[in-house]
Amino acid sequence: MTNPRDVKYANESIARWQDSLKRRAMLETNNIAFACLRGFLIELRGRLPLADIARLGNHLPAVQRGVFYQDWEPAEPLPTPDLAAFEAALAQRLLPHVHMPQGLVADMLWLLKTQSEPFDAAAIRPLLPAPLVAIWDQA
């Protein structure tokens, strides 16, 4: 029995995202790339209002969407006063298993922008917290 197209595409998509992130951020393994992807998506989700969480999730591929919603408990969005605050929270989330590589947030935004369909990337940008938009625009 063959896999339905959506399942095949989901597997190819997450593999492509992991490989792209691994190469871009010079990570050692796909496991580290996946941990970074998961950590970033969860930190991003925590900083969005409920409606924007739903909107952003609709623009992610199936597996990435599942990771984005994994263990989610709706709550008030966390403040994102600047990039340093976001990076500190992400670094804390990745420990003790992964030490956050330099520039990971920029690499993750590059990944979202370049690996998403153009329509989806255009819809994701306005949902990002302000400190992340400037980095998105540079990617």
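Attention in this report is confined to the structure presented alongside it. None of these values were measured; they are calculated from a predicted model.

1. Details of the packing of helix 2 (residues 30–45) against helix 4 (residues 62–69)
Next, step 1: Interhelical geometry of helix 2 versus helix 4 gives an angle of 60° and a closest axis separation of 8 Å. Considered as vectors, helix 2 and helix 4 are oriented oblique to each other. Here the hand of the crossing between helix 2 and helix 4 comes out right-handed. Residues F34, L37, R38, L41, I42 and R45 of helix 2 touch helix 4, and the partners they reach there are Q64, V67, F68 and Y69.
Next, step 2: When grouped by side-chain class, the residues that make up the contact of helix 2 with helix 4 number seven nonpolar, one polar and two charged.

2. A few points about the side chain of D107
Next, step 1: Counting through the fold element by element, D107 comes out in helix 6 (residues 104–115).
Next, step 2: Here D107 falls in the buried class, since its relative accessible area comes to 10%.
Next, step 3: Residues within four places of D107 in sequence aside, it is in contact with L21, R24, A25 and Q102.

3. So, unusual backbone geometry
Next, step 1: Following L95, the chain continues into P96 via a peptide bond in cis, with omega recorded as 5°.
Next, step 2: When you line up the elements, P96 lands in the loop between helix 5 (83–94) and helix 6.
Next, step 3: Phi at M26 takes a positive value of approximately 55°, unusual for a residue other than glycine.
Next, step 4: Mapped onto the elements of the fold, M26 is located in the loop between helix 1 (5–25) and helix 2.
Next, step 5: At D71, a residue that is not glycine, the phi angle is positive and equals roughly 55°.
Next, step 6: Mapping D71 onto the fold places it in the loop between helix 4 and helix 5.

4. With respect to the environment of N31
Next, step 1: Mapped onto the elements of the fold, N31 is located in helix 2.
Next, step 2: Residue classification places N31 among the exposed positions, given a relative accessible area of 66%.
Next, step 3: Between the C-alpha atoms of N31 and Q18, which are 13 residues apart in sequence, the distance is 8.4 Å.

Each value, and the rule that gives it
Residues numbered from 1 in each chain as written. Predicted model: local features only at pLDDT ≥ 70, side-chain atom pairs only at ≥ 80, totals over all residues. Heavy atoms only, no water. Axes fitted to C-alpha atoms, helices over the stretch in contact; angles between N-to-C directions. Helix = DSSP H or I, 4+ residues; strand = E, 2+ residues; numbered from the N terminus. Parallel < 35°, antiparallel > 145°, perpendicular 65-115°, else oblique. Left-handed = near helix turned anticlockwise from the far one by under 90°. Contact = heavy atoms within 4.5 Å. Nonpolar A, V, L, I, M, F, W, Y, C, P; charged D, E, K, R; others polar. Buried < 20%, exposed > 50% of the residue type's maximum accessible area, 1.4 Å probe, protein only.

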